[in-house]
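So you can see what is in the structure, the chains are spelled out below.
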Amino acid sequence: MIRIGAVIALIVSLGVPANAEVRFGNNVRIGGHDVSNQTFTKKKRGKFVIHETEPKNAGCVWQKNADGSKTQVCNFKRKKNNESR
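Trainee: It is not clear to me how the overall build of the protein should be interpreted in this structure. Could you clarify?
Mentor: Looking only at helices and strands, one finds one helix and seven strands in the protein. When the helices and strands of the protein are listed from N to C terminus, the series reads α-β-β-β-β-β-β-β. Residue pairs in contact within the protein that sit at least 24 positions apart in sequence constitute 42% of those at least 6 positions apart. Within the structure as shown, the protein displays about 7,200 Å² of accessible surface, and the carbon and sulfur contribution to it stands at 54%.

Trainee: Mind showing me how you'd approach the sheet that holds strand β7 (residues 70-77) here?
Mentor: Judged by pairing direction, the sheet is mixed, and its three strands sit side by side in the order β5-β7-β6 without closing on themselves. Unpaired on one side and paired on the other, β5 (44-51) and β6 (59-64) mark the two borders of the sheet. Across this sheet, the average inter-strand angle for adjacent strands is 20°, counted without regard to direction. Examined bridge by bridge, β5 and β7 share eight bridges and lie parallel to one another. Across the sheet, the residue bridging to Ile50 is Phe76, located in β7.

Trainee: Explain the pairing of β7 here, please?
Mentor: In summary, the side chains of a regular strand alternate between the two faces of the sheet. Of all eight residues in β7, six are buried; the element is thus mostly enclosed. In this structure, β6 lies alongside β7, joined through six bridges in antiparallel fashion. Bridge pairing in β7 places Trp62 opposite Gln72. The turn linking β6 back onto β7 is made up of five residues, and Gly68 within it adopts a positive phi angle of 95°.

Trainee: Just to check I follow, could you spell out the pattern of salt bridges for this structure?
Mentor: Charged atoms that come close allow side chains of opposite charge to pair. This structure, assessed with the given rule, holds two salt bridges. A salt bridge links Asp67 to Arg45, with the shortest nitrogen-to-oxygen separation between them at 3.0 Å. Of the two residues, Asp67 sits in the loop between β6 and β7 while Arg45 sits in strand β5, which places them 22 residues apart along the sequence. Between Glu52 and Arg78 there is a salt bridge, with the nearest N and O atoms lying 3.0 Å from each other. In this pair, Glu52 is assigned in the loop between β5 and β6 and Arg78 in the segment after β7, connecting sequence segments 26 residues apart.

Parameters and conventions
- Residues numbered from 1 in each chain as written.
- Predicted model: local features only at pLDDT ≥ 70, side-chain atom pairs only at ≥ 80, totals over all residues.
- Heavy atoms only, no water.
- Helix = DSSP H or I, 4+ residues; strand = E, 2+ residues; numbered from the N terminus.
- Contact = heavy atoms within 4.5 Å.
- Areas by Shrake-Rupley, 256 points an atom, 1.4 Å probe, with all protein chains shown as cover.
- Pairing = 2+ DSSP bridges.
- Axes fitted to C-alpha atoms, helices over the stretch in contact; angles between N-to-C directions.
- Buried < 20%, exposed > 50% of the residue type's maximum accessible area, 1.4 Å probe, protein only.
- Salt bridge = Lys/Arg side-chain N within 4 Å of Asp/Glu carboxyl O.

In structure tokens, the structure reads:
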């Protein structure tokens, strides 16, 4: 009986879509660039692309998606410092 309940709970939990929000706190760095205090949800997304050489279009730009959401696309050159590998 317990196994049947566990299987049913597993099936129900897999069928429910996840609703999450990601928030970067203080002092968050991606590729050596500061991306602190940004929040991303289902309607406001983020994409960070790290290049080894100088990217053609450096910086961040907002793009509209077909589903009505927006994506912030950031093209960064990796910063060389003592902490990055």
